[in-house]
Amino acid sequence: MKQKIIKASAVIAIISIICFVFSSCKEADNENAIIDVITLASEVGINGEKTNTVEASMGAFKGLQGDYIEFFFDEPVTFDSFFINEKTTSVRQYNIYAMTDGKYKLIHTGKHITIENIVLEPVTATAIKLVIVNTEIGNDEFIIQGISAYNTNQ
């Protein structure tokens, strides 16, 4: 009799735990999710040449001083935060441009990149361009591991 009570208690405890776990789950609120607008790009170009690699679509590219990456969108996107991750730490100056009204406009210039999170005024653009203007003397090569842009004020 005592073993039956222990087994019944264990079963009730397991059922209670399962009910508790699943009742605390809620559906994801996709309407208010913060999306990396870079992933919405319909086309990516490196130094003016279209590329369709997975790495480039996530903002990863390597190159030399003066090289750039562009993200083109079918519809305008809005962002207020830009995140760059550099592997090499050789970048000494970079510029970020946003295409508005068919022309690129400089929206940010910065110096060293390691893991850089840039907060901006909200920008709506049909393209985004990152240009590596300068690298350290004697080390012209750089590797950008990823680029993200977010609209945190949704």
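Residues numbered from 1 in each chain as written. Predicted model: local features only at pLDDT ≥ 70, side-chain atom pairs only at ≥ 80, totals over all residues. Heavy atoms only, no water.

A.B. asks: How would you summarise the overall build of the protein chain if you had to cite specific residues and measurements?
C.D. replies: The number of helices and strands found in the protein chain is 2 helices and 8 strands. Within the protein chain, the fraction of its 154 residues that count as buried is 34%. For the protein chain, long-range pairs separated by at least 24 residues make up 76% of all intrachain contacts whose partners lie at least 6 apart in sequence. Summing over all exposed atoms, the protein chain offers an accessible surface of approximately 10000 Å²; the carbon and sulfur share of this is 56%. (Helix = DSSP H or I, 4+ residues; strand = E, 2+ residues; numbered from the N terminus. Buried < 20%, exposed > 50% of the residue type's maximum accessible area, 1.4 Å probe, protein only. Contact = heavy atoms within 4.5 Å. Areas by Shrake-Rupley, 256 points an atom, 1.4 Å probe, with all protein chains shown as cover.)

A.B. asks: I'd like a rundown of the side chain of S81, residues and numbers included.
C.D. replies: With respect to the secondary-structure elements, S81 resides in strand β4 (residues 68-86). Within the structure, S81 has its side chain in polar contact with the side chain of N117 (distance 3.2 Å). Excluding residues within four positions of it along the chain, S81 makes contact with N117, I118, S148, A149, Y150 and T152. (Polar contact = N/O pair within 3.5 Å; in protein donor to acceptor, adjacent residues only side chain to side chain.)

A.B. asks: Could you give an account of the packing of aromatic side chains, with specific residues and numbers?
C.D. replies: Each aromatic ring pair is summarised here by two numbers: the centre-to-centre distance and the angle between the ring planes. Overall, the coordinates contain 3 aromatic pairs when judged by the stated rule. Consider the rings of Y97 and Y104, whose centres lie 6.3 Å apart with planes at 70°: the pair is edge-to-face. With relative accessibility at 25%, the residue Y104 sits in the partly exposed group. Its end group placed over the ring of Y68, K129 keeps NZ or CZ at 4.4 Å from the ring centre. (Phe/Tyr/Trp six-rings, centres within 6.5 Å; stacked < 30°, edge-to-face > 60°. Lys NZ or Arg CZ within 6 Å of the ring centre and 35° of its normal.)

A.B. asks: Help me get a handle on unusual backbone geometry, residues and values and all.
C.D. replies: Unusually for a residue other than glycine, T89 sits at a positive phi of about 55°. Looking at the element boundaries, T89 is found in the loop between β4 and β5 (91-100). With a relative accessible area of 39%, T89 lands in the partly exposed category. Of note, the phi angle at D101 is positive, near 55°, even though the residue is not glycine. Inspection of the secondary structure puts D101 in the loop between β5 and β6 (103-110).

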